[in-house]
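# Summary of the model geometry
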Amino acid sequence: MKSKTKPVLNVKAGPAVLLAAALVLLGMPAFARGAPQSGSPQSGGRNSLSVLVYITGMLAGSPPYELMAAGAESFAAAHEGVTVKVYEAGFNQAEWEEQLSSLVASGEYDIVLGSNPSLPEICANVGKKFPRQKFIITDARYEGNPQISTYLYNQYEQSLYLGYLAGLITLSGMPHANPAKRLGFIAAQEYPLLNNHIVPGFLAGAKLVDPEVSLDFRVIGNWYDANKAAELAGSMIDAGTDVFAVIAGGAAQGLIKAAGERGAYIVYHNTNEYGAAPGVILGCGQMEQKKLVEEILSDVLAGKIQYGASRTVGAAEGYLDFIADDPGYAEYVPREIQEKFNTFLAGIKAGQVNYTLPPL
Ligand code: RBF
């Protein structure tokens, strides 16, 4: 079955279409699903929209997913005629393509919204079977497919400033900082965005503080095993790591627990996690995914999405930030570190820190 789009009001329409359009205006979008196609979403605006938010994993513990669902739901609450279904696909990546295919086969969704670097290829495959289905994916780059639009966060940049902060902390005289100049990075799994942007950016940022800083990089093997993350953290602390970064979804809780018990520090990507361990989590980046998703949906309604294209957004554009106005940073990080870090971050936001974004 093909995907369908909703009628717009300025089309020449028969009585059935007019009835469907009226029902949309009356807030009964479910009826409108049977309405015929009335023009491509790229051209001109639309009054109703059915969105599938496809979560490649689980919401809980995964900031990019929670923020995406929150953005879509708040947009739907503010726009009559916009409906959102959030589907959690679970952790079995081998099932994702088939699951998405059967969801799309219903023809219910005008767009599929997702956030995962591995999603474009899956959507390209699903899209071959459903040529009118559109997919919009954040946290990914994919170009040249007329069904797919992507938005890449410049995660090299967020890692650069979190790495810089980690470098300042490992060199400091803070209670748990040791002389080893050794940082740790715990990842759930390896993938190009992680290996080519996130980890190298983190080390490059730390090396701007002191070129002798080294990185101990370990992989959990999945996005949920907090015990394994705690185990890895313990052995990394034994080997001299005193400041960690982590990209591991819910499994990151194991690191937080181990660092709290053993005495180590964490800088955290994408979300405000200070409250989970004050005095342990000393810096949190912010991914403005909720804002980006609301803007994307607004562009969908306005017919302004560019399919086939990818846009990169970072700190200078206001889509990546650092949460400095939290006691977890303001009260626990020594003043002189804050001053150096704030200056560096301001430089990043002003585009004054020179770096080369590695290929993905
Ligand atoms: N990030 C999460 O926060 N939770 C997840 O469960 C999760 N699963 C992922 C699965 C795959 C196959 C890939 C490539 C990435 C996944 N990510 C997940 C990473 C996420 O999309 C993002 O890159 C990182 O959170 C860094 O912003």
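Residues numbered from 1 in each chain as written. Predicted model: local features only at pLDDT ≥ 70, side-chain atom pairs only at ≥ 80, totals over all residues. Heavy atoms only, no water.

### A closer look at the overall build of the chain
- In terms of regular secondary structure, the chain is built from 12 helices and 12 strands.
- Considering the chain as a whole, with its 360 residues, one finds that 54% of them fall into the buried category.
- Across the chain, the fraction of contacts at a sequence separation of at least 24, relative to all contacts at a separation of at least 6, is 71%.
- In the structure as shown, the chain presents an accessible area of about 14600 Å², 52% of it carried by carbon and sulfur atoms. (Helix = DSSP H or I, 4+ residues; strand = E, 2+ residues; numbered from the N terminus. Buried < 20%, exposed > 50% of the residue type's maximum accessible area, 1.4 Å probe, protein only. Contact = heavy atoms within 4.5 Å. Areas by Shrake-Rupley, 256 points an atom, 1.4 Å probe, with all protein chains shown as cover.)

### Looking at unusual backbone geometry
- In this model, K181 sits at a positive phi of 55°, which is unusual for a non-glycine residue.
- Structurally, the position occupied by K181 is in the loop between helix 6 (155-170) and strand 6 (182-187).
- If you check the backbone angles, N270 has positive phi at about 80° while not being a glycine.
- Residue position: N270 is located in the loop between strand 9 (265-268) and strand 10 (281-287).
- Residue N270 is classed as buried on the basis of its relative accessible area, which comes to 7%.

### Describing the layout of surface pockets
- Estimated volume of the largest pocket: approximately 760 Å³.
- Lining the largest pocket are 39 residues, with N116, P117, D139, Y191 and W223 positioned closest to its centre.
- Within the residue set of the lining of the largest pocket, elements represented by two or more residues are helix 3 (63-78), helix 5 (119-129), helix 7 (192-209) and strand 8 (243-247).
- Taken together, the residues that form the lining of the largest pocket break down as 22 nonpolar, 13 polar and four charged.
- Residue-level mapping places the lining of the largest pocket at the junction of two domains, with at least three residues from each of domain 1 (5-153 + 289-313) and domain 2 (155-287 + 324-349). (1 Å grid on protein atoms, 1.4 Å probe; cavity = no way out; pocket = protein on both sides within 12 Å on 5 of 7 lines; lining within 4 Å. Points joined across faces, edges and corners; volume = space filled by probe spheres on them. Nonpolar A, V, L, I, M, F, W, Y, C, P; charged D, E, K, R; others polar. Domains from an automatic or database assignment.)

### Re the packing of helix 4 (residues 96-105) against helix 5
- Where helix 4 contacts helix 5, the two axes come as close as 10 Å, and the packing angle between them is 40°. Judged by the angle between their axes, helix 4 and helix 5 are oblique. Considering how the two elements wind past one another, helix 4 and helix 5 form a crossing that is right-handed. Between helix 4 and helix 5, the contacting residues are W96, E97, L100, S101 and V104 on the first element and I122, C123, N125, V126 and K129 on the second.
- Partitioned by chemical class, the residues of the contact of helix 4 with helix 5 number six nonpolar, two polar and two charged. (Axes fitted to C-alpha atoms, helices over the stretch in contact; angles between N-to-C directions. Parallel < 35°, antiparallel > 145°, perpendicular 65-115°, else oblique. Left-handed = near helix turned anticlockwise from the far one by under 90°.)

### Regarding the pairing of strand 7 (residues 214-219)
- In terms of strand pairing, strand 6 meets strand 7 through six bridges, oriented parallel. Note on strand 7: the bridge partner recorded for F185 is F217.
- The β-α-β motif built from strand 6, the intervening helix 7 and the parallel element strand 7 has right-handed crossover chirality. (Pairing = 2+ DSSP bridges. Right-handed = clockwise from strand over helix to strand, strands pointing away.)

### With respect to the packing of aromatic side chains
- One pass over the structure, following the stated rule, counts 10 aromatic pairs.
- Here the aromatic rings of Y54 and Y87 are separated by 5.9 Å at their centres, their planes lie at 5°, and the arrangement is stacked. Taken as a pair, Y54 in strand 1 (residues 49-55) and Y87 in strand 2 (residues 82-88) lie far apart in primary sequence, 33 residues in all.
- Its relative accessible area of 0% is what places Y54 among the buried residues. (Phe/Tyr/Trp six-rings, centres within 6.5 Å; stacked < 30°, edge-to-face > 60°.)

### Points about the site of the ligand
- As a structural note, the neighbourhood of the ligand is formed by 22 residues, with S62, D139, Q155, Y191 and N270 the closest of them.
- Side-chain polar atom of Y65 to a nitrogen atom of the ligand: 3.1 Å apart, as the coordinates give it.
- Measuring from an oxygen atom of the ligand, one finds a side-chain N or O atom of N270 at 3.0 Å.
- Protein burial of the ligand: of its 540 Å² of free accessible surface, 97% is covered by the chains.
- Given that more than half its atoms are within 2 Å of the pocket grid, the ligand belongs to the largest pocket.
- Of the residues that constitute the shell around the ligand, the class distribution is 11 nonpolar, 10 polar and one charged. (Near = heavy atom within 4 Å. Polar contact = N/O pair within 3.5 Å; in protein donor to acceptor, adjacent residues only side chain to side chain. Sits in = over half its atoms within 2 Å of the grid points.)

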